[in-house]
Amino acid sequence: MAKCEHLKDANPNIEARTAGCEECEKTGQRWVALRKCLTCGHVGCCDSSPGRHATGHFDQTGHAVMQAHDGGDWKWCYKHTAYV
């Protein structure tokens, strides 16, 4: 895949807004892994988690690029459904 145009909106150095999934922390749900939005810093749980809040964040905001909140080097574009 060519360079994803959505990376222009991504800030790999953005501060996370919370240590864990924002929505799960409010409801007491557990998560499997965390994803950080590289547009606004929202932290949501991955699609293997019951809440799937990272995908929900994309659905609500259109913020396309996320990365592993544990500092993983990969990025995911929800619009292209591909690693970027």
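Throughout, a residue's number is its position along its own chain's written sequence, starting from 1. Selection of residues for local features in this predicted model requires a pLDDT of at least 70, selection of side-chain atom pairs for listing and counting requires 80 or more, and totals for whole chains, interfaces and linings are taken over all residues. The side-chain figures draw on all heavy atoms in the structure; neither hydrogens nor water molecules are used.

**Some words on the environment of serine 49**
Link 1 in the chain: Helix numbers and strand numbers start at the N terminus; a helix is a DSSP run of H or I with at least 4 residues, a strand a run of E with at least 2. Along the chain, serine 49 falls in the loop between β2 (43–45) and α2 (53–61).
Link 2 in the chain: For the pair serine 49 and alanine 33, spaced 16 residues apart in sequence, the C-alpha to C-alpha distance is 7.2 Å.
Link 3 in the chain: Here, two residues are considered to be in contact whenever any of their heavy atoms come within 4.5 Å of each other. Beyond its immediate sequence surroundings of up to four residues, serine 49 is in contact with Trp31, Val32 and Ala33.
Link 4 in the chain: In terms of polar contacts, serine 49 uses its side chain to reach the backbone amide nitrogen of valine 32, at 2.7 Å. Nitrogen and oxygen atoms within 3.5 Å of one another constitute a polar contact, given that in protein one can donate a hydrogen and the other can accept it, and given that sequence-neighbouring residues count only through two side-chain atoms.

**Considerations on the packing of aromatic side chains**
Link 1 in the chain: To pair, rings of Phe, Tyr and Trp, with the six-membered ring standing in for Trp, must have centres within 6.5 Å; the planes then decide the type, stacked if under 30 degrees apart, edge-to-face if over 60, and tilted in the middle. Using the criterion set out here, one finds 3 aromatic pairs in the structure.
Link 2 in the chain: A ring pair is formed by tryptophan 74 and tyrosine 83, whose centres lie 5.6 Å apart and whose planes are at 90°; its orientation type is edge-to-face.
Link 3 in the chain: The partly exposed category is assigned to tryptophan 74, whose relative accessible area is 29%.
Link 4 in the chain: On the basis of relative accessibility, which here comes to 58%, the residue tyrosine 83 falls in the exposed class.
Link 5 in the chain: Following the ring pairs from residue to residue traces out a cluster consisting of Trp74, Trp76 and Tyr83. Only protein chains enter the accessibility calculation, which uses a 1.4 Å probe; a residue whose area is less than 20% of its type maximum is buried, one above 50% is exposed, and one in between is partly exposed.

**Topic: the pattern of salt bridges**
Link 1 in the chain: One speaks of a salt bridge when a side-chain nitrogen belonging to Lys or Arg is within 4 Å of a carboxyl oxygen belonging to Asp or Glu. One pass over the structure, following the stated rule, counts 3 salt bridges.
Link 2 in the chain: Notably, a salt bridge pairs lysine 8 with aspartate 9, separated by 3.2 Å at the nearest N-O pair.
Link 3 in the chain: Judged by its relative accessible area of 44%, aspartate 9 is partly exposed.
Link 4 in the chain: Put simply, aspartate 47 and arginine 52 hold a salt bridge, and the shortest N to O gap is 3.3 Å.
Link 5 in the chain: With relative accessibility at 40%, the residue arginine 52 sits in the partly exposed group.

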